[in-house]
Amino acid sequence: MKIDDNMKSEELISTETECLQIVISKEEVSLKDYSVPLKILNQVTSDISSMKYYRERIDISFKGYNDKSAEIWEIPEVRNYVEELDSRFPYWLYFLSKDGMGLSVILKCFLLPFLKHENEKELNGGRLQFYLEERGFLAMNQLCDLTNISAEEHIQMTHRLVNYIQQHLSFMRGI
């Protein structure tokens, strides 16, 4: 569902959308304009009911890069955009769907691009672990605590994340 970025959190929830899709244009990336995605993301963190409702129900994508041969996460402007967006909104592991590709793109933006498969695990495994331990899990745990998610739900959420990472980051398979 495409939403109006002026919608209030109650209006977003009332749409009962299964997945909130945030699409970032090439123009927004070029202009380093974070206003629309941040406005939406800040709305879903504005109250406990929105945080609970949109847990693992958001996906994020980039449009306007069909003319590029590189993967979206390999494009320097996109990588820089994601890093800056992450500095303002670190809650990807909590909110992003484990069914879409958005979380994979976000995570890969923190990894080294253009590596041979045999070097990925060695070089990017540590980078991924650092991001998860020093940023991602801290933010996810903060919202889990804030929304009073049970220990069992938290464990299940973590398992879904690990399965997602193993499925979408080939160098992590079998770990």
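The structure presented is a predicted model; accordingly, all values stated were derived computationally and were not measured.

(A) Geometry of the overall build of the protein chain. Looking only at helices and strands, one finds nine helices and two strands in the protein chain. Going from N to C terminus, the protein chain has its helices and strands arranged as α-β-α-α-α-β-α-α-α-α-α. The burial tally for the protein chain puts 48% of its 175 residues in the buried class. Put simply, of all contacts in the protein chain between residues at least 6 apart along the chain, 75% involve residues at least 24 apart. Carbon and sulfur atoms make up 49% of the accessible area of the protein chain, which totals about 9300 Å².

(B) Up close: the nonpolar core. One finds F62, V78, W92, Y94, F95 and L128 to be the most contacted residues of the largest nonpolar core, which totals 52 residues. In terms of residue count, the dominant contributor to this core is helix 8 (residues 117-146) (seven residues).

(C) Structural context of the packing of aromatic side chains. Scanning the entire structure with this criterion turns up eight aromatic pairs. Aromatic side chains Y53 and Y54 sit 4.9 Å apart centroid to centroid with 80 degrees between the ring planes, which places their arrangement in the edge-to-face category. Taken individually, Y53 and Y54 each receive the classification buried, so the pair is uniform in this respect. Ring geometry for Y94 and F95: centres 4.8 Å apart, planes at 80 degrees, overall edge-to-face. Accessibility classification places Y94 together with F95 in one group, the buried group.

(D) Summary view of helix 5 (residues 76-88). Over its 13 residues, helix 5 runs 19 Å from end to end, which matches the ideal 18 Å to within 8%, given 1.5 Å per residue. V78, R79, Y81, V82, L85 and D86 are the residues of helix 5 that are buried. Down the axis of helix 5, the smallest arc covering the buried residues is 160 degrees, so these residues share one side.

Quick notes on the rules
- Residues numbered from 1 in each chain as written.
- Predicted model: local features only at pLDDT ≥ 70, side-chain atom pairs only at ≥ 80, totals over all residues.
- Heavy atoms only, no water.
- Helix = DSSP H or I, 4+ residues; strand = E, 2+ residues; numbered from the N terminus.
- Buried < 20%, exposed > 50% of the residue type's maximum accessible area, 1.4 Å probe, protein only.
- Contact = heavy atoms within 4.5 Å.
- Areas by Shrake-Rupley, 256 points an atom, 1.4 Å probe, with all protein chains shown as cover.
- Core = buried A, V, L, I, M, F, W, Y, C linked by side-chain atoms within 4.5 Å.
- Phe/Tyr/Trp six-rings, centres within 6.5 Å; stacked < 30°, edge-to-face > 60°.
- Expected span 1.5 Å × (residues − 1).
- Arc of directions from axis to C-beta.

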